[in-house]
Protein chains: 2
Amino acid sequence: MNDKKRILLVEDDPNFGIILRDFLKMNDYDIVLAKNGMEGFEKFKKYDFHLCILDVMMPYKDGFTLAGEIKEVNQDMPLIFLTAKSLKEDVLKGYKIGADDYLKKPFDSDVLLYKIKAILKRNKLSAVLDTEEFEFKFSSFEFNSKLRHLKFKDNNHVKLSPKENMLLKMLILHKNDLMPRELALTRIWRDDNYFTSRSMDVYIAKLRKQLELDPNVKINNIHGEGFRLVID
Amino acid sequence: MNDKKRILLVEDDPNFGIILRDFLKMNDYDIVLAKNGMEGFEKFKKYDFHLCILDVMMPYKDGFTLAGEIKEVNQDMPLIFLTAKSLKEDVLKGYKIGADDYLKKPFDSDVLLYKIKAILKRNKLSAVLDTEEFEFKFSSFEFNSKLRHLKFKDNNHVKLSPKENMLLKMLILHKNDLMPRELALTRIWRDDNYFTSRSMDVYIAKLRKQLELDPNVKINNIHGEGFRLVID
DNA sequence: AGCATATGTTAACGATAGGTTAAATTAATT
DNA sequence: AATTAATTTAACCTATCGTTAACATATGCT
């Protein structure tokens with residue numbers, strides 16, 4: 001259960017990078033060091049990280065560009081930027097991309113440790129929702145979220161659209177429990193406003209239509225909170 | 001659903017405090033300003049906040065001491081410290097207490113806004129997932145405050161409205177003991193006046209109707225003080 | 001007892017959230 | 001470019017929720 005947290009460290013200054021890597025390793029983290037944005041993104045795709053620490057100023061691909069690419073793959077990946085300058089626009093740019101924190105070089109290593117700890121702690125929760133599982137059985141249905149196939153008993157499968165698919169998966173991951181509206185909106189729609197919310201309602205209706213083949217499966221609403229996939 | 005986020009701002013410099021309060025108000029937050037740690041804690045207990053912004057250096061009670069008291073009442077209250085100095089020990093002390101962020105004066109107001117937004121965003125989600133107790137049994141009832149379900153013996157559950165739900169939860173947390181009127185009003189209604197008080201009475205009546213299935217459970221009034229959930 | 005105030009209870013109303021279908025728009029394929 | 005799939009927006013309707021008014025009863029005080 002207590003395996004080490006994996007951190008991707010992207011830093012072009014080799015001296016500083018290696019020192020920092022070793023310091024973090026001593027503090028019980030698994031570190032992968034990349035020396036520029038290109039390499040950083042390759043390694044990001046290759047391994048599964050809990051946190052990325054990115055230097056902002058790097059040749060070939062700067063930290064912001066890399067951050068954008070990372071967020072495209074995984075919106076919830078926690079990011080810490082390291083930077084020599086602390087220009088207002090840069091700081092704002094970082095937060096806009098979704099930085100969890102920002103450290104100006106030279107920084108104190110203990111402060112970095114605390115920030116890492118704090119960020120990993122609060123992100124533990126959302127990690128629960130990221131699952132590689134893609135085959136699900138519930139009541140008389142079989143659902144493959146990779147193929148986006150939903151099958152009832154011996155019927156042919158029906159194909160689900162990407163949004164239907166993600167929504168059903170989230171409901172299943174919370175089965176018999178509340179799936180907060182807001183969670184689906186921020187995860188699937190990436191925005192939480194009146195229109196995305198209504199769009200989600202439309203998808204709930206579509207899923208209900210698919211699921212009504214089975215009287216033991218229902219999607220209930222909890223007013224103002226979210227939905228609940230009930231399986232008898 | 002879209003009510004403003006409430007922020008407690010504790011800042012001893014009146015000029016700065018008022019400017020900051022107005023700036024945040026303009027950005028659609030509900031701000032309560034306190035001018036020292038004492039007042040800050042009083043107001044913290046009285047209202048229900050989503051975030052506290054604390055100046056570190058204040059007379060009578062400094063920001064760290066106040067933070068400790070706040071965390072004692074609510075471990076998950078997000079905190080941002082404001083400070084003129086950026087001594088390493090201070091920063092670390094702040095993170096140890098559980099600061100979510102740290103801003104060195106003078107700070108850029110846009111950066112503050114981004115930090116507030118980021119902190120509130122992640123706290124909204126984790127609040128749903130957190131380990132807070134939500135299943136209760138008392139006499140012949142089972143109560144799930146996450147799903148807002150109240151079940152009597154083998155009957156089907158009845159659904160509770162958000163206010164019924166919160167009120168019942170508060171009564172249970174004080175079972176066989178006084179639940180002060182004022183506490184429910186400030187926590188649930190977020191205001192204490194004639195009308196909210198009458199509204200609360202209406203909800204007490206609604207709960208009584210739900211609970212009358214079980215003769216061993218009663219909600220008693222303590223005149224002028226509050227209510228008591230009595231379980232034989 | 002007589003009064004002021006607090007509480008008990010019900011019903012009506014307006015505001016907002018959700019259910020559903022269809023049309024309009026956008027994105028993906030062919 | 002044409003066709004199809006996916007998604008959003010609009011429209012209309014129902015359900016839920018909270019507040020408030022109205023009237024009744026209880027409590028504490030002088």
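Each chain carries its own residue numbering, running from 1 in the written order of its sequence. Chains and ligands are labelled by the order in which they are written, letters from A for the one and numbers from 1 for the other. Reporting of local features is limited, given that this is a predicted model, to residues whose pLDDT is at least 70; pairs of side-chain atoms are given and counted only at 80 or more, and all residues count toward the totals for whole chains, interfaces and linings. Here the side-chain values reflect all heavy atoms present in the structure, with hydrogen atoms and water set aside.

1. Regarding the overall build of chain A
Helix and strand labels come from DSSP, where a helix needs a run of H or I of at least four residues and a strand needs a run of E of at least two; each type is numbered from the N terminus. Across its full length, chain A holds 8 helices and 12 strands. Across its three principal axes, chain A shows a C-alpha extent of roughly 65 × 35 × 30 Å. Each residue's exposure class comes from its accessible area (1.4 Å probe, protein chains only) as a fraction of the maximum for that residue type: buried when under 20%, exposed when over 50%, partly exposed otherwise. A total of 232 residues make up chain A; the buried ones form 48% of that total. Across chain A, the fraction of contacts at a sequence separation of at least 24, relative to all contacts at a separation of at least 6, is 53%. With 40 positive and 37 negative side-chain charges, chain A shows a spacing of 3 Å between the two charge centroids. Note on definitions: a residue-residue contact is assigned when non-hydrogen atoms from the two residues lie within 4.5 Å. We treat Lys and Arg as the positive residues and Asp and Glu as the negative residues; His and chain ends play no part in the count. By convention, charge coordinates are those of NZ in Lys, CZ in Arg, CG in Asp, or CD in Glu.

2. What about the domain arrangement of chain A?
Delimitation of the domains relies on an automatic or database domain assignment. The domains assigned to chain A are domain 1 (5-127) and domain 2 (135-231). The centre of domain 1 of chain A, based on its C-alpha atoms, is set 34 Å off from the matching centre of domain 2 of chain A.

3. A closer look at the interface of chain A and chain B
With 25 residues of chain A at the interface, the matching set in chain B holds 22 residues. Defined here as a combined quantity, buried area equals the accessible surface (1.4 Å probe) lost by two parts on assembly, summed across both. Taken together, the two surfaces of chain A and chain B that pack against each other cover about 2500 Å², and 63% of this comes from carbon and sulfur. Here, a salt bridge means any side-chain nitrogen of Lys or Arg that lies within 4 Å of a carboxyl oxygen of Asp or Glu. Across the contact surface, chain A and chain B share 2 salt bridges. Of the charged contacts in the structure, one is a salt bridge between Lys146 of chain B and Asp177 of chain A, with a shortest N-O distance of 3.1 Å. Pairs of N or O atoms are called polar contacts if they sit within 3.5 Å, as long as, within protein, a hydrogen donor faces a hydrogen acceptor (for residues adjacent in sequence, only side-chain-to-side-chain pairs). If you look at where chain A meets chain B, you find 3 residue pairs in polar contact (both at pLDDT 80 or more). Looking at the side of chain A that touches chain B, the elements with two or more residues in it are α4 (88-97), α5 (109-127), β10 (178-180) and α7 (181-189) of chain A. At 6 residues, α5 of chain A tops the list of elements feeding residues into the side of chain A that touches chain B.

4. As for the protein's contact with DNA strand D
If even one non-hydrogen atom of a residue comes within 4 Å of a molecule or strand, that residue is called near it. In the vicinity of DNA strand D, 24 residues are found, and the nearest of them are Ser161 and Ser199 of chain A together with Ser161, Trp189 and Ser199 of chain B. A distance of 2.4 Å separates a phosphate oxygen of DNA strand D from a polar atom in the side chain of Ser161 of chain A. Take Trp189 of chain B: an N or O atom from its side chain is 2.8 Å from a phosphate oxygen of DNA strand D. Every element with two or more residues in the surface near DNA strand D is listed here: α6 (162-173) and α8 (194-211) of chain A together with α6 (162-173) and α8 (194-211) of chain B. With 6 residues, the single largest contributor to the surface near DNA strand D is α8 of chain A. Asp, Glu, Lys and Arg are counted as charged, while Ala, Val, Leu, Ile, Met, Phe, Trp, Tyr, Cys and Pro are counted as nonpolar; the rest, among them Gly, fall into the polar class. Here the surface near DNA strand D is composed, by residue class, of 10 nonpolar, 6 polar and 8 charged.

5. Considerations on the pairing of strand β2 (residues 29-34) of chain A
A large share of β2 of chain A lies buried, amounting to 5 of its 6 residues. When the strands point away from the viewer and the connection leading from the first strand across the helix to the second strand turns clockwise, the crossover is called right-handed. With respect to chirality, the unit in which strand β1 (residues 5-10) of chain A leads through helix α1 (residues 14-26) of chain A into the neighbouring parallel β2 of chain A is right-handed.

6. Brief notes about the packing of helix α3 (residues 63-73) of chain A against α4 of chain A
All names here are of chain A. For helices, the fitted axis covers only the stretch in contact; all axes are lines through C-alpha atoms, and the angles between them, taken along N-to-C directions, range from 0 to 180 degrees. Following both chains from N to C, one finds α3 and α4 inclined at 10 degrees, their axes separated by 10 Å at the closest point. As far as their axial angle goes, α4 and α3 are roughly parallel. Every residue of α4 that contacts α3 at Phe64, Ala67, Gly68 and Lys71 is listed here: Asp90, Lys93, Gly94 and Ile97. Residues of the contact of α3 with α4, tallied by class, amount to 3 nonpolar, 2 polar and 3 charged. Each angle receives one of four descriptions, namely roughly parallel if under 35 degrees, roughly antiparallel if over 145, roughly perpendicular if within 65 to 115, and oblique otherwise.

7. Structural notes on the packing of aromatic side chains
All names here are of chain B. Pairing of aromatic side chains requires ring centres within 6.5 Å, counting the rings of Phe and Tyr and the six-membered ring of Trp. Pairs whose planes differ by under 30 degrees are stacked, by over 60 edge-to-face, and all others tilted. Scanning all chains against the criterion turns up 20 aromatic pairs over all chains. Seen from their ring centres, Phe141 and Phe152 are 5.1 Å apart, and the 50 degrees between their planes marks the pair as tilted. With a gap of 11 residues between them, Phe141 in strand β7 (residues 141-144) and Phe152 in strand β8 (residues 149-152) connect regions that are remote in the sequence. Just as Phe141 is buried, Phe152 falls in that class too. In this structure an aromatic cluster arises from ring pairing among Phe64, Phe81, Tyr95 and Tyr102.

8. Some points on helix α3 (residues 63-73) of chain B
Residue and element names in this part refer to chain B. Within α3, the full set of buried residues consists of Gly63, Phe64, Leu66, Ala67, Ile70 and Lys71. Each buried residue of α3 lies within a common arc of 155 degrees when the element is viewed along its axis, so the set occupies one face. Buried residues along α3 sit in contact with β1 (5-10), α2 (37-46), β3 (51-55), β4 (79-83), α4 (88-97) and β5 (101-104). The N-terminus of α3 is capped by Asp62, whose side-chain oxygen sits 3.0 Å from the backbone nitrogen of Phe64. Directions drawn from the helix axis to the C-beta atoms are what define this arc.

9. Brief notes about the sheet that holds β4 of chain B
Residue and element names in this part refer to chain B. We call two strands paired when DSSP finds no fewer than two bridges between them. One open sheet holds the 5 strands; their spatial order is β2-β1-β3-β4-β5, and the pairing between them is parallel. The sheet terminates laterally at β2 (29-34) and β5, the two strands that pair on one side only. The average angle at which neighbouring strand axes cross in this sheet is 20 degrees, direction not considered. Pairing of β3 with β4 involves 4 bridges; the strand directions are parallel. In the sheet register, Asp55 faces β4, and the bridge partner there is Leu82. Here helix α1 (residues 14-26) sits on the sheet and contacts β1, β2, β3 and β4; the angle it forms with β2, its principal contact strand, is near 165 degrees.

10. Re the pattern of salt bridges
Pairing is possible between side chains that carry opposite charge, provided their charged atoms lie close to one another. All names here are of chain A. Using the criterion set out here, one finds 25 salt bridges over all chains in the structure. A salt bridge links Lys45 to Glu42, with the nearest nitrogen and oxygen atoms 3.7 Å apart. You can see Lys45 and its partner Glu42 sitting in helix α2 (residues 37-46), 3 residues apart, about one turn around the helix. With its nearest N and O atoms 3.9 Å apart, the salt bridge here joins Lys218 to Asp232. One end of the pair, Lys218, is in strand β11 (residues 217-222); the other, Asp232, is in the segment after β12 (226-231), with 14 residues separating them in the sequence.

11. Here we look at the side chain of Arg181 of chain B
Residues and elements named next belong to chain B. Checked against the element boundaries, Arg181 lands in helix α7 (residues 181-189). A polar contact of 2.8 Å, which involves the side chain of Arg181, links it to the side chain of Asp201. If near-sequence neighbours (up to four positions away) are discounted, Arg181 is found in contact with Ser197, Met200, Asp201, Asn221, Glu225, Gly226 and Phe227.

12. What to know about the environment of Ile231 of chain A
All names here are of chain A. As for its placement among the helices and strands, Ile231 is situated in strand β12. Judged by relative accessible area, Ile231 falls into the buried class, the value being 18%. Separated by 176 residues in the primary sequence, Ile231 and Asp55 place their C-alpha atoms 48 Å from one another.

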